[in-house]
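Here are the chains, one letter per residue:
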Amino acid sequence: MSTELPVLKAKDFESDQDVRWCPGCGDYSILAQMKKVLADIGAKQESTVFVSGIGCSSRFPYYMNTYGMHSIHGRAPAFATGLKSTRPELDVWVITGDGDALSIGGNHLMHVIRRNLDINIVLFNNSIYGLTKGQYSPTSKIGKVTKSTPRGSIDHPLNPLSIALAAEGTFVARSVDSHIKHLVATLKRASEHKGTSFVEVYQNCNVFNDGIWEYAKSKKTKDETTVVLEHGKPLVFANGKKGIRLNGFEPEVVELDGNVSVDDLLFHDEKSTQPHLANVLARMRHPEFPEPIGVFRAVERQTYDEGINQQVVDAREEQGDGDLAKLFASGDTWTV
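Note that the structure is a prediction, hence the values are computed from the model and not measured. (Residues numbered from 1 in each chain as written. Predicted model: local features only at pLDDT ≥ 70, side-chain atom pairs only at ≥ 80, totals over all residues. Heavy atoms only, no water.)

**A look at the sheet that holds strand β8 (residues 236-237)**
Note on sheets: strands pair through backbone hydrogen bonds, and any given pair is parallel or antiparallel. Reading across from one edge, β8-β9-β10 is the order of the 3 strands in this open sheet, with antiparallel pairing throughout. The open sheet has two edge strands with one neighbour each: β8 and β10 (250-255). Here β8 pairs with strand β9 (residues 242-247) via 2 bridges, running antiparallel. Looking at the pairing, V236 lines up with G243 of β9. (Pairing = 2+ DSSP bridges. Helix = DSSP H or I, 4+ residues; strand = E, 2+ residues; numbered from the N terminus.)

And the structure:
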């Protein structure tokens with residue numbers, strides 16, 4: 001006799017906790033789309049875990065009716081590594097922000113990506129420290145005036161996608177909190193990837209950095225200021241009137257006016273084994289270029305959890321099960 005399991009809906013992934021983000025925060029949209037994605041992909045509550053560090057975004061695990069860990073500032077990748085390595089059957093999501101991931105947690109982020117642990121990382125980029133009420137973050141632009149930079153930031157900002165690509169990330173993508181269909185599709189692609197998926201989400205902090213991504217969010221401007229990446233297709237934007245062409249190794253905006261055809265444009269290849277073109281795309285920034293959104297890179301490589309667990313299997317086959325008591329008493333010992 002078999003018992004048919006209920007089909008979970010987005011609402012089933014909603015916890016009983018009051019959501020305490022500021023009214024109008026972009027986090028609400030990401031939370032809503034995540035619930036839809038989990039329902040659509042048939043995720044199980046008992047095998048899904050959200051791990052976070054510290055920051056506004058890191059309250060995320062409280063609001064999901066799954067397992068979760070609200071861990072230490074910048075150290076969510078370390079917790080996720082331990083969890084996924086010992087429980088590889090779990091679906092592990094890391095929720096982080098630009099301050100949590102790229103400042104105190106920069107080293108942890110880089111190494112989890114290069115190891116290709118089979119987890120999904122979603123970085124909420126609002127370009128500010130919101131939880132601590134408005135200090136500049138690693139992604140704040142030069143000249144950004146905040147409480148901690150009253151004369152304007154003089155730090156060159158980090159590009160999250162460039163960091164992920166430099167660490168040889170196997171899945172690197174970007175979306176926008178208010179582009180609901182695009183965000184859902186991107187998170188689904190991330191969940192399907194075997195290895196570390198890294199998704200940067202442009203997220204509005206309407207209290208301390210309102211409008212930072214307005215050019216990419218507004219229906220009036222986004223056709224001119226963003227270009228949607230699709231594997232195997234040319235980079236066309238502005239309602240088909242403009243495109244991106246490579247001039248040597250440099251991208252340039254061209255008008256599709258008859259002198260330049262679609263065939264002259266750069267065609268997106270997310271499967272390229274080399275990350276060069278993905279890097280070119282990641283460095284395209286507004287206002288000089290439309291900013292790409294979508295999947296920049298999606299390639300396959302052995303995952304860290306597969307590798308480390310295979311080493312354990314191999315060691316047991318060669319040496320048998322270990323004895324912890326013998327190990328502690330082996331070699332040089334001292335009595336204190």
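**Overview of unusual backbone geometry**
Trans is the prevailing form of peptide bonds, just as negative phi is the prevailing case for residues other than glycine. Here the amide bond leading from H286 into P287 is cis, since omega sits at 10°, within 30 degrees of zero. Along the polypeptide, P287 turns up in the loop between α9 (276-282) and β11 (291-298). The residue K133 is not glycine, and still its phi comes out positive at about 75°. Take K133: it is sitting in the loop between β4 (120-125) and α5 (160-166).

**Looking at the sheet that holds strand β5 (residues 171-176)**
Taken in spatial order, the 8 strands line up as β2-β1-β3-β4-β6-β5-β11-β7 in an open sheet, and their pairing is mixed. Each edge of the open sheet carries a strand with a single partner, namely β2 (67-70) and β7 (226-228). Sheet twist, expressed as the mean angle between neighbouring strand axes with direction ignored, is 20°. Looking at chain direction, β5 and β11 are connected through 4 bridges and run antiparallel. Residue pairing across strands places A173 opposite V295, the latter belonging to β11. Helix-sheet contacts for helix α6 (residues 180-192) involve β3 (91-97), β4, β5, β6 (197-202), β7 and β11, and the interaxial angle to β5 is about 160°. (Axes fitted to C-alpha atoms, helices over the stretch in contact; angles between N-to-C directions. Contact = heavy atoms within 4.5 Å.)

**Focus on the UniProt feature "domain: Thiamine pyrophosphate enzyme TPP-binding" (unreviewed entry) in the protein chain**
When the UniProt feature table is mapped onto this chain, "domain: Thiamine pyrophosphate enzyme TPP-binding" (unreviewed entry) is found at residues 54-201. The distance from the first to the last C-alpha atom of residues 54-201 is 17 Å, and the span holds 32% helix and 19% strand. (UniProt positions renumbered as here; feature names shortened; annotations may be inferred.)

**Some details on the side chain of S197**
Its location among the elements puts S197 in strand β6. A polar atom in the side chain of S197 sits 2.8 Å from the side chain of N120. If we ignore the near neighbours within four places in the chain, the residues touching S197 are I119, N120, I121, F171 and A190. (Polar contact = N/O pair within 3.5 Å; in protein donor to acceptor, adjacent residues only side chain to side chain.)

**Topic: the nonpolar core**
Ranked by internal contacts, the top residues of the largest apolar core, which has 36 residues, are I113, I119, I121 and F198. At the level of secondary structure, the elements contributing two or more residues to this core comprise β1 (48-52), α2 (76-86), β3, α3 (98-104), α4 (106-115), β4, α5 and α9. Excluding its chain neighbours within four sequence positions, the residues that come into contact with F198 are L109, I113, I121, L123, P160, L161, A164, F171, V172 and A173. Core analysis: the next-biggest nonpolar cluster, separate from the first, contains 28 residues, A43, F60, V184 and A298 among them. (Core = buried A, V, L, I, M, F, W, Y, C linked by side-chain atoms within 4.5 Å. Buried < 20%, exposed > 50% of the residue type's maximum accessible area, 1.4 Å probe, protein only.)

**Examining helix α1 (residues 27-40)**
Between its terminal C-alpha atoms α1 stretches 20 Å, which fits the 20 Å expected from 14 residues at 1.5 Å a residue. Most of α1 sits out of view: 10 of its 14 residues are buried. Where α1 is concerned, the buried positions are D27, S29, I30, L31, Q33, M34, K35, V37, L38 and A39. Turning to α1, the residues buried within the fold contact β1, β3, β4, α6 and β6. (Expected span 1.5 Å × (residues − 1).)

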